[in-house]
Every structure is written in C-alpha cells, then in structure tokens.
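Reading the structure
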Amino acid sequence: MKTVFSPVQLTHDPKMEISDGKLKPAVEIPSRAEMVRSEILARKIGPLWTPQDFGRAPLERVHTGEYLDFLESFWSRWTGAGRQGEAFPFVWPVRQLRAAPTPSHIDGLLGRFSFDAGTPLGEHTWAAATASANSALTAARFLREGDRSAFALCRPPGHHAAADYFGGYCFLNNAAIAAQWLRDQGTARVAILDVDYHHGNGTQAIFYERADVMFLSIHADPKEEYPYFLGHADETGEKAGKGFTHNWPLPPGTDWTRYSEALEEACRWLTVYSPDVLIVSLGLDTYENDPISQFRFVPEDFLRLGARLARLGKPTLFVMEGGYAVDALGSNCVNVLEGFLGG
C-alpha cells in the first residue's frame, strides 16, 4: 500500500490550544505524523510518496473562495495588524449575529471563518494544510490509476473543516477534497466512513444534500463530546441527500464489542450503496489511552477494524484524521493498514 506524505505538513507547529476552558499545550503536533511515518517504514507497509501539487482548483470544489483567500492571506494580515505568535478566534456570528457582510478586521475574520477557539493558526498553517490536501489527492489518484488501496498520511487533519470554516485542528477537509476530486474524475459513487472518535461535522455538512457521496460516522455522542452541535442519529441528509447520511453516536467508555455492532450496521449500508471507492476518515483517537477521548480500543482492535473494512472488497483510501496518544499512534495506525492488507 502506497503512503503519501510531505515534510511540509510538519511546518504547522502549534504550541498551545484552548481546551477545557484553559490554555494548554497543543496535542495536534508534528510528531503525530512523524511517528506514523516511522512505523510505516519500520513495518514495510509499502513505499512512501511525495504528493503532487494539484493547485487550488480541487480545493475550490469543496471550500469557498472567500474562505481559501482568508487562509492563504491570514499570516500577512495577522502580522500586518501588528500581531505576533499563534492566533485564536474569540468571537463568532452565532444566532442573531450576522456572518455577512464579512468583517475586514482580523479578529472578525477569525470568528467568521472558525467555529472554535482551540485551533490556532500560525505562519505555516496554509502551506501545511495544502500539502495535507495534496497528500489526499495524490492517494486518490493512485486509486484512479488502479491501486486497490492507498494511505494519505494527512496532518493537519481535515474532517471538522466545512466549506467556509475551520476548527477541531482542521483547516482543509482532506477526505472531502479527495471525494470531490474522484467524482470530478468520473467515479460515480463515493462513500466516506468516518471512524474518528469525534464526529466529522465538516464532512457531513459538505455532502449533506447530495446522493453521490454517502457519509457514515461512528463517534462519541455529541451530547457528551466535541463537536457537540452535530452528529446525532436523526441527521440523515436533506433534499437529494436524504438517506445518504448515517450517524452512530456512542457513549463514553465504548469498547470494541459495542463499537463493532455499529460498524456492522455501517458496513451493511455500504454494501447496499456499493460505492466505487470507499474513503475512510481514519481517526485513531478511539484508543483507550488517548488523552482527549473516552473510547476503549486496545491495539488489537485496530487490526480488527482494518480486516472488517477489507471484507467490503472496495478500493479504499485511508485518510488520517485524529489520534493524540503520540507514542502509540504509529502502531495503532499501521495495525489498521496491516489488518486491511491481511483481510
């Protein structure tokens, strides 16, 4: 299985984040990707590829031009306003506040294009995020060229980013960008299965009214966990997309036995939908020792997950999302890939 990764993805290097009402050391850090890359090489899963630069056009098929302009120009605006260091938003256009017209002030822009205060932007965020998206696109290209599977070692992750906002450590929605590119290249039906501990709210929002990309997510109940405001079982799509979104919110403490029941339901939907390509938003934060999550996967469960996905018999693109137990991240990630290849 080919793995795609660019060292540019390491340049986004946040030092702090806001979580639990406090300023804390960041958990979405470059060593996450470095640990996975090292394990890929050590266990000889397959060759490591540098991504192709696809330019901005595939990004514009998923994200608004105004949002991309903001991300691309952010650092010059930030420093031009006399600011230094990492940037955090602190005000948002919720409820009776207006998102349009778009503010011109940097703090207004940060609030307009974000949905949380825990995702800092820095000097190299745009470069790292676009390199991450190019990794997903290059891996998708391998599937179009006939590979049965590929792994996009995406970092920063993507599934919380929607068409015009960032959050949850995510800036560009790598899985959605790859799915849209596959559709534009002639792939008729694409499915995205999100197995991250946190709901992929951005991916759901992007495809919620569409029938050509099915979205399925198994995650912690949003009544108890981030992102709190999306990911409930009654969210099943709208308009043409009615019935093409499926969510399985699970309680804290969920282990493989309970999780696998939801996974079987998701696999039944995938069997019925029969996508030409399956994209797996591969979060590894279901691990029992993840510092910000509360599921109870043990390392062997990641092998089981990969093996079950292999039984679907579909060309499969793995796109890395979350997972913050850095020391175990590489092993857990490669367990999924080995389980898939052996399954």
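The shown structure was predicted, so the numbers you read here are calculated from the model rather than taken from an experiment. Each residue is numbered by its place in its chain's sequence as written, counting from 1. A pLDDT threshold of at least 70 governs which residues receive local features in this predicted model, and a stricter bar of 80 or more applies before side-chain atom pairs are shown or counted, although totals over entire chains, interfaces and linings include all residues. Only hydrogens and water are set aside; all other atoms, that is, all heavy atoms of the structure, feed into the side-chain values.

Observations regarding the overall build of the protein chain
Numbering of helices and strands runs from the N terminus, with a helix taken as a DSSP run of H or I at least four residues long and a strand as a DSSP run of E at least two residues long. A count of helices and strands for the protein chain gives ten helices and ten strands. Each radius of gyration reported is based on C-alpha atoms, and the globular scaling rule is 2.2 Å times the count of residues to the power 0.38. For a compact globule of 343 residues, the expected C-alpha radius of gyration is about 20 Å, and the protein chain comes in at 19 Å, within 12% of that figure. With the C-alpha coordinates aligned to their principal axes, the bounding extent of the protein chain is approximately 55 × 45 × 40 Å. Think of it in three bands: with a 1.4 Å probe and only protein chains considered, a residue is buried below 20% of the maximum accessible area for its type, exposed above 50%, and partly exposed in between. Within the span of the protein chain, comprising 343 residues, buried residues form 57% of the whole. Note on contacts: a residue pair qualifies if any of its non-hydrogen atoms lie within 4.5 Å across the two residues. Relative to all contacts within the protein chain whose residues are 6 or more apart in sequence, the contacts with residues 24 or more apart total 76%. With residues, only the protein chains shown are counted as cover, and all accessible areas are computed by Shrake-Rupley using a 1.4 Å probe. A total of about 13300 Å² of accessible surface is found on the protein chain, and carbon and sulfur atoms cover 52% of it. Side chains of the protein chain give 32 positive and 42 negative charges; the mean places of these two sets differ by 4 Å. Under the counting rule used here, the positive set is Lys and Arg, the negative set is Asp and Glu, and His together with the chain ends is not counted. In plain terms, the charge of a residue is placed at NZ if it is Lys, CZ if Arg, CG if Asp and CD if Glu.

Some details on the nonpolar core
Side-chain atoms within 4.5 Å link the members of a nonpolar core, which is a set of buried Ala, Val, Leu, Ile, Met, Phe, Trp, Tyr and Cys residues. Ranked by internal contacts, the top residues of the largest apolar core, which has 49 residues, are F151, L193 and F318. Considering each element in turn, this core owes the most residues, eight residues, to helix α8 (residues 256-273). Counting residues in hydrophobic clusters, the runner-up holds 48 residues, among them V62, A87, F142 and F171.

A closer look at the sheet that holds strand β1 (residues 2-4)
Strand order in the open sheet formed by eight strands is β4-β1-β5-β10-β9-β6-β7-β8, and the pairing between neighbours is parallel. In this open sheet, the two strands that pair with only one neighbour each are β4 (48-49) and β8 (245-250). Taken together, the five bridges between strand β6 (residues 190-194) and strand β7 (residues 213-220) define a ladder with parallel strand orientation. Pairing of A191 across the sheet is with M214, part of β7. Each axis is a line fitted through C-alpha atoms, and for a helix only the stretch in contact is used; angles between axes span 0 to 180 degrees, taken between their N-to-C directions. Running over the sheet, helix α5 (residues 125-144) touches β1, β4, β5 (149-152), β9 (277-282) and β10 (316-320) and is turned about 175 degrees from β5. Contacts from α8 reach β6, β7, β8 and β9 within the one sheet, and its direction differs from that of β7 by about 175 degrees. A pair of strands is considered paired only if DSSP assigns at least 2 bridges between the two.

Some thoughts on the pattern of salt bridges
We count a salt bridge whenever a side-chain nitrogen from Lys or Arg sits within 4 Å of a carboxyl oxygen from Asp or Glu. One pass over the full model with this rule turns up 21 salt bridges. One salt bridge in this structure joins K15 and D13, with 2.8 Å as the shortest N-O distance. Two residues, R258 and E261, come together in a salt bridge whose shortest N-O distance is 3.5 Å. Here E261 and R258 lie together in helix α8, a separation of three residues that amounts to about one turn. Through salt bridges with shared partners, a single ionic network connects R56, E60, D69 and E72.

Observations regarding unusual backbone geometry
A100 connects to P101 through a cis peptide bond whose omega is 0 degrees. Cis peptide bonds are those with omega within 30 degrees of zero, and the linkage from Y226 to P227 qualifies with 10 degrees. Along the chain, the position of P227 falls in the loop between β7 and β8. Notably, D20 is not glycine yet its phi reads approximately 55 degrees, a positive angle. Of the residues examined, D20 reaches a relative accessible area of 68% and is grouped as exposed. Although it is not a glycine, S274 adopts a positive phi angle of roughly 50 degrees. Among the structural elements, S274 can be located in the loop between α8 and β9.

Points about α5
Between its first and last C-alpha, α5 extends 29 Å over 20 residues, near the 28 Å set by a 1.5 Å rise per residue. Summarising burial for α5: 17 of the 20 residues are buried, a large majority. Downstream of α5 by one or two residues, G146 has phi in the positive range, about 120 degrees. What a helix should span is 1.5 Å times the count of its residues minus one.

Brief notes about the pairing of β6
By the criterion of burial, β6 is predominantly enclosed, with five of the five residues buried. Of the two faces of β6, the one lined by V190, I192 and D194 and the one lined by A191 and L193 are each fully buried. By convention, a crossover is right-handed whenever its connection, traced from the first strand over the helix to the second and viewed with the strands pointing away, goes clockwise. As a crossover connection, the stretch from β6 through helix α7 (residues 201-207) into β7 is right-handed. As defined by bridge partners, β6 adjoins β9 across five bridges and the pair is classed as parallel. Paired with A191 across the bridge in β9 is L278.

Points about the environment of G21
Mapped onto the elements, G21 comes out in the loop between β2 (16-19) and β3 (22-25). With a relative accessible area of 77%, G21 lands in the exposed category. Along the chain, G21 and A117 lie 96 residues apart, while their C-alpha atoms are 9.8 Å from each other.

Focus on the packing of helix α1 (residues 31-42) against helix α10 (residues 326-342)
The contact between α1 and α10 brings their axes to 8 Å, and the two run at 45 degrees. When the axes of α1 and α10 are compared, the pair comes out oblique. Note that α1 runs across α10; the crossing there is right-handed. Seen from α1, the contacting residues are S31, R32, M35, V36, E39 and I40; seen from α10, they are V326, D327, L329, G330, S331, C333, V334 and L337. The class makeup of the residues in the contact of α1 with α10 is eight nonpolar, three polar and three charged. Note on angle classes: values under 35 degrees are labelled roughly parallel, values over 145 roughly antiparallel, values of 65 to 115 roughly perpendicular, and the remainder oblique. Throughout, a crossing is termed right-handed when the near helix is turned clockwise from the far one, and left-handed when it is turned anticlockwise from it by less than a right angle. In this classification, the charged set is Asp, Glu, Lys and Arg, the nonpolar set is Ala, Val, Leu, Ile, Met, Phe, Trp, Tyr, Cys and Pro, and all remaining amino acids, among them Gly, are polar.

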